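Below are the chains, spelled out letter by letter.
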Amino acid sequence: DISGCQVLDLGTGGGFPGIPLAVLFPQTQFTLCDSIGKKIKVATEVASALGLENVQTVNARAESLPGTFDFVVSRAVTSLDNFYPWVKGKFTKGIFYLKGGDVNEEICTLMQRERMQKGSVHTWRIDEWLQDEWYNEKFVIQIDI
């Protein structure tokens, strides 16, 4: 149960994955953040049109955001080993990162650089849940504290 949690969607673009998650989890607060103003404007309008009261949008870079969140979600804004320093110290429970391609090298680099314990990073193939060629070689990467 993630009721009452605070979730940061970093690099949200037009609101993905934050908007669908906010619809699915109305008792969870979502902050949708993107450094590009035009994209945040779209996410703001979509959230407003859907009447989502659990969504806040912010035009900023991750490094400038105050406070912490329970979880961070993001969809392939950069390589995982580049992304992690942007959010390090900004979450208390974990990260869910959507990414395609060969993610093993990125995960290994991240784990070495951040001295993460074995078992702190998990991957799931999306094509095991959704039967469409588009999802081939796409993963959900979970990073636990």
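As the structure is a prediction and not an experimental result, all values here were calculated from the model.

About the thresholds
- Residues numbered from 1 in each chain as written.
- Predicted model: local features only at pLDDT ≥ 70, side-chain atom pairs only at ≥ 80, totals over all residues.
- Heavy atoms only, no water.
- Helix = DSSP H or I, 4+ residues; strand = E, 2+ residues; numbered from the N terminus.
- Buried < 20%, exposed > 50% of the residue type's maximum accessible area, 1.4 Å probe, protein only.
- Contact = heavy atoms within 4.5 Å.
- Expected span 1.5 Å × (residues − 1).
- Arc of directions from axis to C-beta.
- Phe/Tyr/Trp six-rings, centres within 6.5 Å; stacked < 30°, edge-to-face > 60°.
- Salt bridge = Lys/Arg side-chain N within 4 Å of Asp/Glu carboxyl O.
- Polar contact = N/O pair within 3.5 Å; in protein donor to acceptor, adjacent residues only side chain to side chain.

Undergrad: Residues and numbers for the environment of Y84, please.
TA: Looking at the secondary structure, you find Y84 in helix α3 (residues 80–87). Overall, the relative accessible area of 9% leaves Y84 in the buried class. Taking the C-alpha atoms as reference points, Y84 and L110, 26 residues apart in sequence, are found 7.8 Å from one another. For Y84, the residues in contact, after removing those within four places along its chain, are F91, I95, L110, E114, M116 and I143.

Undergrad: Could you give an account of helix α2 (residues 37–49), with specific residues and numbers?
TA: Across its 13 residues, α2 extends 18 Å between first and last C-alpha, which sits within 8% of the 18 Å expected from 1.5 Å per residue. All buried positions along α2 are accounted for by I40, A43 and A47. One face of α2 carries all of its buried residues, which in axial projection span an arc of 60°. Facing away from the buried surface of α2 by more than 90 degrees, the exposed residues are K38, K41, E45, S48 and A49. Two residues or fewer past α2, G51 is found with a positive phi of approximately 70°.

Undergrad: With reference to specific residues and values, describe the packing of aromatic side chains.
TA: All told, the structure shown has five aromatic pairs when counted by the stated rule. Aromatic pair F83 and Y97: ring centres 4.6 Å apart, planes at 40°, arrangement tilted. In this pair, F83 is assigned in helix α3 and Y97 in strand β5 (residues 91–100), connecting sequence segments 14 residues apart. Judged by its relative accessible area of 0%, F83 falls in the buried class. The buried category is assigned to Y97, whose relative accessible area is 0%. Relative to Y135, the ring of W134 lies with its centre 5.1 Å away and its plane at 90°, an arrangement referred to as edge-to-face. W134 sits in the exposed class, given a relative accessible area of 54%. Its relative accessible area of 25% is what places Y135 among the partly exposed residues.

Undergrad: Provide a residue-level description of the pattern of salt bridges, including the pertinent values.
TA: Scanning the entire structure with this criterion turns up six salt bridges. Between R61 and E63 there is a salt bridge; the shortest N-O distance is 3.8 Å. In this structure R61 comes out as partly exposed when scored by relative accessible area, which is 48%. Put simply, R113 and D81 hold a salt bridge, and the shortest N to O gap is 3.8 Å. Note that R113 is positioned in helix α4 (residues 104–113) and D81 in helix α3, a separation of 32 residues in sequence. One salt-bridge network, held together by shared partners, links R125, D127 and E137.

Undergrad: How would you summarise the side chain of N54 if you had to cite specific residues and measurements?
TA: Counting through the fold element by element, N54 comes out in the loop between α2 and β3 (55–59). Of note is the side chain of N54, whose polar atom sits 3.1 Å from the backbone oxygen of A22. Separated by 3.2 Å, the side chain of N54 and the backbone oxygen of F25 make a polar contact. Not counting chain neighbours up to four residues away, the residues in contact with N54 comprise A22, F25, P26, T28, Q29 and F30.

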